[in-house]
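# Structural characterization, general
The chain contents come next:
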Amino acid sequence: MTKTWNNRAWFFVLPVLLLVAFNAIIPLMTVVNYSVQETFGNNLFFFEGTKWYEAVLASERFHGALLRQFMFTGIILLIEVPLGVAIALTMPRSGPWVSVCLVLMALPLLIPWNVVGAMWNIMALPDIGLLGYGLNKLGIPYNFTRQPFSAWFTVVLMDVWHWTSLVVLLAYAGLRSIPEAYYQAAKIDGASRFSVFRFIQLPKMNRVLTIAVLLRFMDSFMIYTEPFVLTGGGPGNSTTFLSIDLVKAALGEFNLGIAAAMSIIYFLMTLLVSWIFYTLMTRGEEQ
Amino acid sequence: MRLSRWLVPTLYIVFLLLPIYWLVNMSFKTTNEILGGFSPWPKNFTIDSYVTILTNPVWYNGYISSISYVLINTVISVSFALPAAYAFSRYRFLGDKHLFFWLLTNRMAPPAVFALPFYQLYSAIGLFDTPWAVALAHCLFNIPLAVWILEGFMSGVPKEIDETAYIDGYSFPRFFVKIFMPLIASGIGVTAFFCFMFSWVELLLAKTLTSVAAKPIAAVMTRTASTSGYELGLLAAAGVLTIIPGAIVIYFVRNYIAKGFALGRV
């Protein structure tokens, strides 16, 4: 669509701008303030320059949380994206079952995040939960409050349960946009199942899959509530991801300088990914 | 091949439903039975947990405050986002692309970064522990979401309709309400659904910005889980009750869910 140049459109945007700026800019400035100052109580602040940033960037604790965060995000992307595409490919293309599938698959997406955590907690209890009891019965030692590996397994499984449907729904929306004629042409040419996927379905899903990967990256990168309710970041620090660590430092220990510097570093990382997301989205639209 | 066509989705759906089944199962058990050991279905079927929740003010007030901030947030987000999305879909103006990108960064920003400053900001303006604090705080990610989704839907409406309406002598407000809004009615519905949903599932900010009076159901639940530890029946019943609203409306938006999650870009 060709758009007309009209600067009065600013009046339409102004309410949104003011409200979001109130919510985004004032808090962010507070954080920036804390990140360069030291306080000894009584509301006295001293300028400290980059001290907190240096402390955060050098701290083992931050490295640990960051490493765990990237590991977690990497693992869930490697599982959820291929699994989601596979499920979308096998879903019926039309008929009464489509609605049933869509509704049941979307169900986990609408459950409050703390309920997701609580639900998996109940599910994974070693003595009375279906998952915990079942695994222990099979002779696999499993206790997500004691063994880091069990905790990781549960957190990853929970995230796969929670968010794979997002990839399925997006991939399915991409598949549905392929005209039937493409498949007929492929049939006439005698194309194999794999080349139909490689040369017809995958290119058509390209855009939705980009969106899916970026959304899953961002949302898993800021994950807090589900693992917090499930494991509380433990055992030890083994499932303490960035957000959990940050909230611990800010609201638990009231370590303002460190927490603020961490926030800024964290925020800059998400800014970078948002920029990639935005570029890919708008480039697709201009074509 | 034929077998796998229905086997894969079926197995996946069973996997999705198992934890939900387990939650429902727990919610109908007595505390004694839960602690007594593993049982795949309730032997002494009871609805005590649900009765407790629906009669104890601490519990049902949690639901009321959650629903009130979610509704306030949905109304604010959609009504603020409508004109802005129209501007983005129809006009080019100074700084439009930067603004659109900046909105997106707020959808992507981790709530954990904002928890502490929000606490101070909303305490300073005297809204702490009211539904308004949470409703306004959730605007941080819901307004950008609403603008992006609505922009996607509005760009699907041809511009000729706007021009024809002007030639027919419609003023802008009348055109917008009488002609344009009915055309994107499904888009508005989907946007409202997504604002409702993301405000409903969020816990970190809602918990940080409330203490007693406006405590959301999610916070009531986490406290029960952490203090008494073993009232699992109650916790499960409360969980089941939070799933129901989403499960009801999901049918109406099933074909648009992908579009909503993709911020209006599918």
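These numbers come from a predicted model, not from an experiment. Going along each chain's sequence as written, the residues are numbered from 1 onward. Here every chain gets a letter starting at A, and every ligand a number starting at 1, in the order they are written. With the structure being a predicted model, the display of local features is reserved for residues of pLDDT at least 70 and the display and counting of side-chain atom pairs for 80 or more, all residues being used for whole-chain, interface and lining totals.

This part takes up the overall build of chain B. Numbering of helices and strands starts at the N terminus; helices are DSSP runs of H or I of at least 4 residues and strands are runs of E of at least 2. Within chain B one finds 14 helices and one strand. Looking at chain B as a whole, 49% of its 266 residues qualify as buried. Exposure classification rests on a simple neighbour count of other C-beta atoms within 10 Å of a residue's own: a residue reaching 20 or more is buried, one at 12 or fewer is exposed, and one in between is partly exposed. C-beta atoms are placed from the backbone.

What follows concerns the overall build of chain A. Scanning chain A for helices and strands turns up 12 helices and three strands. Over its C-alpha atoms, taken along the principal directions, chain A stretches across nearly 80 × 70 × 30 Å. The buried share among the 287 residues of chain A stands at 42%. When contacts within chain A are restricted to residue pairs at least 6 apart in sequence, those whose partners lie at least 24 apart make up 70%. Once C-beta atoms are placed from the backbone, any two residues with those atoms within 7 Å are in contact.

A word on the nonpolar core. Here, a nonpolar core means buried Ala, Val, Leu, Ile, Met, Phe, Trp, Tyr and Cys residues linked by C-beta atoms lying within 7 Å of one another. Counting residues in each nonpolar core, the largest one holds 170 residues, and the members touching the most others are Leu169(A), Leu170(A), Ala81(B) and Val147(B). Tallying contributions element by element places helix H7 (residues 131-154) of chain B first for this core, with 17 residues. Once you skip the residues sitting within four places of it in the chain, Leu169(A) turns out to touch Met105(A), Ala106(A), Ile257(B), Ala258(B) and Phe261(B).

All names here are of chain B. The source of the domain bounds is an automatic or database domain assignment. Under the domain assignment, chain B is made up of domain 1 (1-46) and domain 2 (55-261). Tallying the contact residues gives nine residues for domain 1 and eight residues for domain 2. Per element, the largest residue contribution to the side of domain 1 that touches domain 2 is four residues, and it comes from helix H1 (residues 2-27). Under the grouping applied here, Gly and all other residues not named as nonpolar or charged are polar, the nonpolar ones being Ala, Val, Leu, Ile, Met, Phe, Trp, Tyr, Cys and Pro and the charged ones Asp, Glu, Lys and Arg. Split by residue class, the side of domain 1 that touches domain 2 holds five nonpolar, three polar and one charged.

Moving on to helix H5 (residues 96-108) of chain B. For the α-helix, the turn length of 3.6 residues means that residues three or four positions removed from each other point alike. Over its 13 residues, H5(B) runs 19 Å from end to end, which matches the ideal 18 Å to within 8%, given 1.5 Å per residue. Residues Leu99(B), Leu103(B), Leu104(B), Asn106(B), Arg107(B) and Met108(B) constitute the buried set of H5(B). The span you would expect from a helix comes to 1.5 Å times its residue count less one.

Right, let's get into the packing of helix H5 (residues 113-124) of chain A against helix H7 (residues 148-176) of chain A. All names here are of chain A. Inter-axis angles, ranging from 0 to 180 degrees, are taken between N-to-C directions of lines fitted to C-alpha atoms, where helices are fitted over the stretch in contact. Contact geometry of H5 with H7 gives a least axis separation of 11 Å together with a crossing angle of 125°. Taken as axis vectors, H5 and H7 run oblique relative to one another. Judged by the twist between their axes, the crossing of H5 over H7 is right-handed. On the side of H5, the interface is formed by Val-116, Trp-120 and Ala-124, while H7 contributes Thr-154, Met-158 and His-162. Class assignment of the residues belonging to the contact of H5 with H7 gives a composition of four nonpolar, two polar and no charged. Any angle between 65 and 115 degrees counts as roughly perpendicular, while under 35 counts as roughly parallel, over 145 as roughly antiparallel, and the rest as oblique. Handedness of each helix crossing follows the sense of rotation of the near helix against the far helix: counterclockwise by less than a right angle gives left-handed, clockwise gives right-handed.

Residues and elements named next belong to chain A. Among the 11 residues of helix H11 (residues 242-252), eight are classified as buried, and the element is accordingly described as predominantly covered. Every buried residue of H11 is listed here: Leu-242, Ser-243, Ile-244, Asp-245, Leu-246, Val-247, Ala-249 and Ala-250. Phi turns positive, to about 50°, at Phe-254, one or two residues after H11.

This part covers the packing of helix H3 (residues 48-55) of chain B against helix H13 (residues 232-249) of chain B. Residue and element names in this part refer to chain B. Where H3 contacts H13, the two axes come as close as 9 Å, and the packing angle between them is 70°. Considering the angle they form, H3 stands roughly perpendicular to H13. At the point where H3 passes H13, the crossing takes the right-handed sense. Where H3 abuts H13, its residues Ser-49, Tyr-50, Thr-52 and Ile-53 lie against Gly-233, Leu-234, Ala-236, Ala-237, Ala-238 and Leu-241. Of the residues belonging to the contact of H3 with H13, the class tally is seven nonpolar, three polar and no charged.

Attention now goes to the confidence of the model for chain A. The predictor reports its confidence for every residue as pLDDT, a score running from 0 up to 100. Scored by pLDDT, chain A has a mean of 86; 97% of the residues are at 70 or more. Strand E3 (residues 45-47) of chain A is the least confidently modelled element of chain A, averaging 74 in pLDDT, while helix H3 (residues 60-90) of chain A averages 92, the highest of any element.

Many descriptions give the size of an interface as the accessible area lost when the pieces come together. At the junction of the two partners, chain A supplies 78 residues and chain B supplies 81 residues. Looking at the side of chain A that touches chain B element by element, the count peaks at 13 residues for helix H1 (residues 10-35) of chain A. Its residues assigned to classes, the side of chain A that touches chain B comprises 63 nonpolar, 13 polar and two charged. Here, any two strands with at least 2 DSSP bridges between them count as paired. Strand direction decides the pairing type here: strand E1 (residues 4-5) of chain A and strand E1 (residues 91-92) of chain B, joined by two bridges, are parallel. Considered in E1(B), the bridge of Trp5(A) is made with Arg92(B).

Per-residue confidence for chain B gives a mean pLDDT of 87; residues scoring 70 or more make up 95%. Predicted complex, confidence summary: ipTM 0.85, pTM 0.88.

Okay, unusual backbone geometry next. Its identity as a non-glycine residue notwithstanding, Asp129(B) has a phi of 65°, on the positive side. Among the secondary structure elements, Asp129(B) is positioned in the loop between helix H6 (111-124) and H7.

This part takes up the environment of Asn121(A). Residue and element names in this part refer to chain A. Its location among the elements puts Asn-121 in helix H5. We classify Asn-121 as buried; it has 23 C-beta atoms within 10 Å. Placed 37 residues apart in sequence, Asn-121 and Met-158 show a C-alpha to C-alpha distance of 9.7 Å. Setting aside residues no more than four positions away along its own chain, Asn-121 makes contact with Val-229 and Leu-230.

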